[in-house]
Amino acid sequence: MNKKKDPSSVGAAVIGLGRGRTHVKAILKAQGAELIAVCDKNQAAADKFAEEFGADAYTDLSEMLKRDDIDLVHVCTPSGLHTEMLLQIAEAGKHAITEKPLDITLERIDSAIEAFASRGLHLGCIFQIRLMPAIQEMKKAVDAGRLGTPVLANAHVKWFRTQEYYEQNGGWRGTWAWDGGGSLMNQAVHTIDLLQWMMGPVQSVVGHAKVSAHQIETEDLGVALVKFASGAVGTIVGTTAAYPGFGSSLELFGSDGGIAMKENLITDWKIRGDQMAEEEADMRKRFGELSEAKAALQADTTDKQIQDMIDAVRFNRPPMITGREGRDAVEIVLAIYESSRTGKEIFLPAKK
Ligand SMILES: NC(=O)c1ccc[n+]([C@@H]2O[C@H](COP(=O)([O-])OP(=O)(O)OC[C@H]3O[C@@H](n4cnc5c(N)ncnc54)[C@H](O)[C@@H]3O)[C@@H](O)[C@H]2O)c1
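Values in this document were obtained by computation on a predicted structure and should not be read as measured data. Once a new chain begins, its residue numbering starts again from 1 and follows that chain's sequence as written. Local features in this predicted model are restricted to residues whose pLDDT is 70 or higher, and side-chain atom pairs enter the listing and the counts only when it is 80 or higher, whereas totals over whole chains, interfaces and linings include all residues. The side-chain figures draw on all heavy atoms in the structure; neither hydrogens nor water molecules are used.

## Details of the side chain of His-74
- A helix here means a DSSP run of H or I that spans at least four residues, while a strand means a run of E at least two residues long, and both kinds are numbered starting from the N terminus. Topologically, His-74 is positioned in strand S4 (residues 72–75).
- For His-74, a relative accessible area of 0% translates into the label buried.
- Apart from the residues lying within four places of it in its own chain, the contact partners of His-74 are Ala-12, Ala-13, Val-14, Ile-15, His-23, Ile-27, Ile-97 and Ile-306. Throughout this description, buried means an accessible area under 20% of the type-specific maximum (1.4 Å probe, protein chains only), exposed means over 50%, and partly exposed covers the range between. When checking whether two residues touch, look at their non-hydrogen atoms; a contact exists if any pair is within 4.5 Å.

In structure tokens:
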């Protein structure tokens, strides 16, 4: 079967039409891609989307994968289903981009990475917050060594979710089997990814995770003390029990100063030097609350990451955030769970 009009464009398909709707819209906006098909086990959802966006509808991934005009599949199903779908996609010889977290165990994540790498296929993992302009500025400052010797970093996600949130859509969220955890694995995983991306490898964690305000299996409150391979220390807080919600924040401190964001906007930028106050005012104006273009700064990062993945397939180069990079934050979250269960400090394998 072939629906693709332009043989040189990337034929894209999306499975899972919750978050997947954002992927569908990003594909429709992207250069060099055509939306070929959508898939959801909910037939009505698949049909509605297919009709609205001119794609073909499927309820079964293996049927969709028989098409030879699909080159790239976007996996947007509940997290604990990602690898079983990714393995089928790789077996069918197609590239994939998956939602965060890549999956919920390291064994599965490793098998997915291997399945794509061994076939010369590309695998990307969505972590769109990395592309926020303020986050990019923080990363540039850290990589340029502007903070000096790393000292302390705090990644905090203090959100609120209702009990209904956990019960809707079949109740997969907050379960060990499908969500693989709670406020750390699902919500804080973005900010934990930023923490390790900026601060480098985590050496050990001591954590505590508990259910505090919901009836769910997994934690709605997780905290951890982190030691980095660099010698710096840090804290992680991830909760969906902070009524009515206090946002996400990341603070980085070094021997030459500190920078911080809240809700992906710069709040503090104090780096040693004659121009410290002027630089902070400028950064807050361009990337902070003072920015007139605040909404625009937040808006289109998923679109950008999806365009990058399409280009990775078009030009046969790795995507900006590979499956391998999708592994690191999950490894940290799983170590916090292990520490909470055992009461021990958990050491992560040294990164090469
Ligand atoms: N990057 C982000 O900011 C972001 C935001 C939200 C969700 N997510 C991630 O996206 C994924 C999905 O989350 P969601 O909030 O969209 O969930 P959701 O429950 O809203 O949607 C999941 C969809 O998958 C479908 N589905 C489930 N099993 C299926 C199967 N076997 N075959 C076909 N379809 C199936 C369901 O019918 C549903 O439509 C999760 O991994 C989540 O962590 C990422």
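Anyway, onward from the coordinates.
## Regarding the UniProt feature "domain: GFO/IDH/MocA-like oxidoreductase" (unreviewed entry) in the protein chain
- UniProt's feature table lists "domain: GFO/IDH/MocA-like oxidoreductase" (unreviewed entry) at residues 135–259, given in the numbering used throughout.
- Note that residues 135–259 is 24% helix and 35% strand, and that its end C-alpha atoms are spaced 11 Å apart. UniProt positions are given in the numbering used here, feature names are shortened, and annotations may be inferred rather than shown by experiment.

## Some thoughts on the UniProt feature "domain: Gfo/Idh/MocA-like oxidoreductase N-terminal" (unreviewed entry) in the protein chain
- Here the UniProt-annotated "domain: Gfo/Idh/MocA-like oxidoreductase N-terminal" (unreviewed entry) positions come out as residues 12–123.
- Summarising residues 12–123: 42% helix, 21% strand, and an end-to-end C-alpha distance of 14 Å.

## Concerning the environment of Gly-145
- With respect to the helices and strands, the residue Gly-145 is situated in the loop between helix H6 (133–143) and strand S7 (150–158).
- Sequence separation between Gly-145 and Asp-256 is 111 residues, and the spatial gap between their C-alpha atoms is 9.2 Å.

## Some points on the sheet that holds strand S2 (residues 33–39)
- Here, a strand pair is defined by DSSP locating no fewer than two bridges between the strands. Read across the open sheet, the 6 strands follow the order S3-S2-S1-S4-S5-S6; overall the sheet is parallel. Sheet topology places strand S3 (56–58) and strand S6 (123–125) at the edges, where each strand pairs with a single neighbour. If you compare each strand with its neighbour and ignore which way they point, the axes differ by 25° on average. The axes are straight lines fitted to the C-alpha atoms, using for helices just the contacting stretch, and the angles between their N-to-C directions are given from 0 to 180°.

## Regarding the pattern of salt bridges
- The rule for a salt bridge is simple: a side-chain nitrogen of Lys or Arg has to be within 4 Å of a carboxyl oxygen of Asp or Glu. In this structure the tally under the stated criterion is 25 salt bridges.
- Among the salt bridges present, the one from Arg-67 reaches Asp-56, with a minimum N-O distance of 2.6 Å. In this pair, Arg-67 sits in the loop between helix H3 (61–64) and S4 while Asp-56 sits in strand S3, placing the two residues 11 residues apart along the sequence.
- Of the residues examined, Arg-67 reaches a relative accessible area of 3% and is grouped as buried.
- Exposure remark for Asp-56: the relative accessible area of 27% places this residue in the partly exposed category.
- For Arg-317, the salt bridge identified is with Asp-308, shortest N-O distance 3.0 Å.
- Judged by its relative accessible area of 28%, Arg-317 falls in the partly exposed class.
- Several salt bridges share partner residues, and in doing so they unite Asp-110, Arg-324, Arg-327, Asp-328, Glu-331 and Lys-351 into one network.

## Some thoughts on a nonpolar patch on the surface
- A patch is a set of surface residues, each over 30% in relative accessible area and not in a salt bridge, joined within 9 Å for like charges and within 5 Å for the nonpolar side chains Val, Leu, Ile, Met, Phe, Trp and Tyr. Here the Shrake-Rupley method, with its probe set to 1.4 Å, supplies the accessible areas, and only the displayed protein chains count as covering residues. A contiguous nonpolar surface patch, about 210 Å² in accessible area, is contributed by Val-206, Leu-225 and Val-233.
- On the secondary structure map, Val-206 appears in strand S8 (residues 202–210).
- Classification of Val-206 as partly exposed rests on a relative accessible area of 37%.

## Topic: the domain arrangement of the protein chain
- Considered domain by domain, the protein chain is made up of domain 1 (10–129) and domain 2 (130–302 + 330–347).
- If you average the C-alpha positions of domain 1 and of domain 2, the two centres end up 27 Å apart.
- Each partner contributes to the interface: domain 1 provides 16 residues, whereas domain 2 provides 22 residues.
- Interface area, domain 1 with domain 2, both sides summed: about 1,700 Å², of which 68% is carbon and sulfur.
- On the domain 1 side of the interface with domain 2, the three residues burying the most area are Ile-104, Phe-127 and Ile-129, jointly 42% of the side's total.
- In this assembly, domain 1 and domain 2 are joined by 0 salt bridges.
- Whenever a nitrogen or oxygen atom comes within 3.5 Å of another N or O atom, the pair is scored as a polar contact, on the condition that within protein one atom can donate a hydrogen and the other can accept it, and that pairs from neighbouring residues in sequence are kept only if both atoms are in side chains. In this assembly, domain 1 and domain 2 are joined by 9 residue pairs in polar contact (both at pLDDT 80 or more).
- We call Asp, Glu, Lys and Arg charged. Ala, Val, Leu, Ile, Met, Phe, Trp, Tyr, Cys and Pro are nonpolar, and the rest, Gly among them, are polar. Split into classes, the residues belonging to the side of domain 1 that touches domain 2 amount to 8 nonpolar, 5 polar and 3 charged. For each domain, the first and last residues come from an automatic or database assignment. For any pair of parts, buried area is found by adding up, for both, the accessible area (1.4 Å probe) each one loses once the two are put together.

## Focus on the site of the ligand
- Taken together, 23 residues form the shell around the ligand, and within it Arg-19, Asp-40, Lys-100, Trp-172 and Arg-173 come nearest.
- The side chain of Trp-172 places a nitrogen or oxygen atom 2.9 Å from an oxygen atom of the ligand.
- About the coverage of the ligand: the protein hides 81% of its 840 Å² of free accessible area.
- Detection works on a 1 Å grid of protein atoms alone, calling trapped sets that fit a 1.4 Å probe cavities and calling open sets with protein on both sides within 12 Å along at least five of seven lines pockets, with lining residues defined by an atom within 4 Å of a point. Being in a pocket or cavity means that more than half of the molecule's atoms lie within 2 Å of its grid points. A molecule is said to occupy a pocket when more than half its atoms come within 2 Å of that pocket's grid points, and by this definition the ligand occupies the largest pocket.
- Of the residues contributing to the shell around the ligand, the split by class is 9 nonpolar, 8 polar and 6 charged.
- No fewer than three residues from each of domain 1 (10–129) and domain 2 (130–302 + 330–347) sit in the shell around the ligand. Here a residue is considered near a molecule or strand provided that any single heavy atom belonging to it is located within 4 Å of it.

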